[in-house]
Structures are given as structure tokens and as C-alpha cells.
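A look at the structure
Below are the chains, spelled out letter by letter.
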Amino acid sequence: MSQAPVVRLQNVTKVIGKRTIIDGVSFEVRPGEVFGFLGPNGSGKTTTIRMIVGLMGMTAGDIHIGEHSVRSDFPKAIVQVGAIVENPEMYKFLTGYQNLMHYARMNPSITKERIQEVVELVGLQGRIHDKVKKYSLGMRQRLGVAQAVMHKPKLLVLDEPTNGLDPAGIRELRDYLRRLAQDEGTAVVVSSHLLSEMELMCDRVAILQNGKIIDVRSIRGQDNDVKTLEEVSFDVDHPDAALGILEGLGNGKIVDGLLNLSSDRAGVAALNRRLVEAGINVYGIRVKTKSLEDQFLEMTGSETIG
């Protein structure tokens, strides 16, 4: 699978009146990647998403989808995109299948076989011929995803897709998005205020504050392990001596008789080896991984998410 970015934002800026809403935002998303977009209320997440899908113009910068510029070659850029901004809109008096057929008429390349594929992808086989007015909110969201991916877009953009969903519906949607990314190589950009769900769903997240990207963090590596900063406690026989041995490494300190410091996974093994080689007995190692929520609050100063 090609790793050239599916979508690339380059110094995107949006000014309304005298106020800069988005200030030089840059990031890129690769094929098969679920990319999360986080930020406090009013940080500019929805504005950025609306610019990606062409619902709002840019003041400066550019967005490329594949090889095409949203600014200068919008038709060729947007044809590669599927999106749900706010809530999916469907004809409630039609069945789910009739809704999909209606949208399929807009794109001659969509076959009945493809419609059946996306119905199975989102798990609506048993209800696709029921009228949409009988669907739960979660089922409507899944139908919206089916409609958005019928034409095999390279990029799927979802703004707060879990709004109104119960825990089971959230889990289902999360599983569908990860399956879509893995099976079809679709790049997914998703915003949400549910940090715990973003941590489970995403490969990377960008944190937006006051219209600027303040950090882009990896959540999962290729092995799907969580890749976050870890706080490690070493239970040793001589904490003071151990602290001296590891001086300058990981900002160590002694708390309640334990040697505490910060390290990544590989660093923990190296630190343990150094202690043992120095004659320190290590009785136990406890690792506390900082959650995405902990990291978010540290970086944004405990601002409200939204």
C-alpha cells in the first residue's frame, strides 16, 4: 500500500473579520490511518473539517487530497472524499437500501455489488430494507458511513460521529471505522470529544488549541501497542543509590521508597539493566501509562473538550 499522504494540510489559515480562527495548521494523513482531531470548545476543529470538505474557503494555505488542491482543483479533489459533517441526512420515508440506491445514481461507477459490500461492511444486512424512520440513531450513523464510502473514497471525514450514540453503538462504529481503514486502505479523519474512544479508535491524534496544532501524537504503532509516555516505579533495595546511578536519566525521584521516573518502553529495559549491573536488586517494576486524557489536559491546561 502506498504511504504517500491521502490528505495534506499546508499552513491552512482562516480569518473571519479581524479574528484568526485557524492559524497555520499543517498535518497529513496516510492510507489506512485513523487520524483523530481533538481540541477544546472553540479551538477550530469543525472549521478545519469544513475547509477540508469544501464547505468553507481558506484565507491562506492549501489542502491537497491525493495530488489535487482543494483550492485550485476542487472537483478532482472532492471526488476522492466521503464525509459526514454533523448528522447524516437521509430520506426517512425510504428504506436504507433505497437511500443508498438514490445516492448511487449520482456516481455511475457504483454497482449493486458495491452497495451490498458496504451494507455488509457496516453490518446492516438484516435491516437494510426497513424504512429509515424505524432506524435507531446508531443505525442511521452506520447507514451514513455506508453512503459516504460507496464510491471508495481515499479519505473519509467524520465530524463528531459518536454524538447521541449509546456505548454499544459507539463500539460498533469504532470497529467499522478500523475495519474500513484496514480492509480498504481508507484514510479516516475523525473529530470527537470522547477522549477514551479516540484512544481506542485512532492511530494518531492532533491536538488543536486556539486555532493552532500544539501537538500530533502517536497512539498506536504498527503492532497496535499504545505508544505513550510511561511513568515507571522501580522497587529496589537501595533507592538513593539507584537514583545516583540513574542521575540525569528520566528526571528520577524517590516517592514512598520507590524510584520513580519517566521513560518509554525500550528505556525501561535499559534502566533495569543498568541497575542490575551496578549491583542494585530490583524487586519489581510498575508502569503507569499516561492516558490520552491525561496528556490532553497537560497540554491544554485542563480546558473543556468539545
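Residues numbered from 1 in each chain as written. Predicted model: local features only at pLDDT ≥ 70, side-chain atom pairs only at ≥ 80, totals over all residues. Heavy atoms only, no water.

Under an unreviewed UniProt entry, the name given to the chain is ABC-2 type transport system ATP-binding protein, and the source organism is Cohnella lupini. Quoted verbatim from the Sequence similarities (unreviewed entry) field of UniProt, the annotation for the chain is "Belongs to the ABC transporter superfamily." (UniProt positions renumbered as here; feature names shortened; annotations may be inferred.)

1. With respect to unusual backbone geometry
Located in the positive-phi region is K152, a residue other than glycine, with phi close to 55°. Tracing the chain through its elements places K152 in the loop between α5 (137-149) and β7 (155-159). Positive phi outside glycine occurs at N210, with the angle close to 55°. Within the secondary structure layout, N210 lies in the loop between β9 (204-209) and β10 (212-218). By relative accessible area, N210 is classed as exposed at 62%. (Helix = DSSP H or I, 4+ residues; strand = E, 2+ residues; numbered from the N terminus. Buried < 20%, exposed > 50% of the residue type's maximum accessible area, 1.4 Å probe, protein only.)

2. Some remarks on the confidence of the model for the chain
Scored by pLDDT, the chain has a mean of 83; 88% of the residues are at 70 or more. When pLDDT is averaged over each helix and strand of the chain, the minimum, 59, is found for helix α10 (residues 292-300) and the maximum, 95, for strand β4 (residues 60-65). Considering only residues more than four positions removed or in separate chains, one finds that residues 221-229, a stretch of pLDDT under 50, has 18 contacts. (pLDDT = per-residue confidence, 0-100. Contact = heavy atoms within 4.5 Å.)

3. Observations concerning the pattern of salt bridges
Scanning the entire structure with this criterion turns up eight salt bridges. The salt bridge partner of D23 is K212, with a shortest N-O separation of 3.6 Å. Placement of D23 in strand β2 (residues 19-29) and of K212 in strand β10 is noted, with a sequence separation of 189 residues between them. Judged by its relative accessible area of 33%, D23 is partly exposed. Where D203 meets R178, a salt bridge forms, and the shortest distance between an N and an O atom there is 3.1 Å. With D203 in the loop between α7 (195-201) and β9 and R178 in helix α6 (residues 167-184), this residue pair connects regions lying 25 residues apart in the sequence. The two residues D203 and R178 agree in class, both being buried. Among the charged side chains, a network of salt bridges with common partners joins R30, E33 and R204. (Salt bridge = Lys/Arg side-chain N within 4 Å of Asp/Glu carboxyl O.)

4. Comments concerning the environment of L143
On the secondary structure map, L143 appears in helix α5. Ignoring sequence-local partners within four residues, the contact set of L143 consists of M90, G96, L100, L124, I128, V132 and Y135.

5. Examining the pairing of β4
As paired strands, strand β1 (residues 7-16) and β4 are joined by five bridges and run antiparallel to one another. Residue T13 lies in a different strand from β4, and its bridge partner there is A60. One ladder, built from two bridges, connects β4 with strand β5 (residues 68-69); its direction is antiparallel. Of the residues in β5, the one forming a bridge with I65 is H68. Following β4, the chain reverses through two residues before pairing antiparallel with β5; G66 in that reversal takes a positive phi of roughly 65°. (Pairing = 2+ DSSP bridges.)

6. Let's talk about the packing of helix α3 (residues 96-104) against α5
At their nearest, the axes of α3 and α5 sit 10 Å apart, and the two run at 25° to each other. As far as their axial angle goes, α5 and α3 are roughly parallel. Once α3 is placed against α5, the crossing between them reads as right-handed. Here α3 contributes G96, L100 and Y103 to the contact with α5, which in turn contributes L143, A146 and Q147. The class makeup of the residues in the contact of α3 with α5 is four nonpolar, two polar and no charged. (Axes fitted to C-alpha atoms, helices over the stretch in contact; angles between N-to-C directions. Parallel < 35°, antiparallel > 145°, perpendicular 65-115°, else oblique. Left-handed = near helix turned anticlockwise from the far one by under 90°. Nonpolar A, V, L, I, M, F, W, Y, C, P; charged D, E, K, R; others polar.)

7. Topic: the sheet that holds β1
Across the sheet, which stays open at both edges, the four strands sit in the order β2-β1-β4-β5 with antiparallel pairing between neighbours. Sheet topology places β2 and β5 at the edges, where each strand pairs with a single neighbour.

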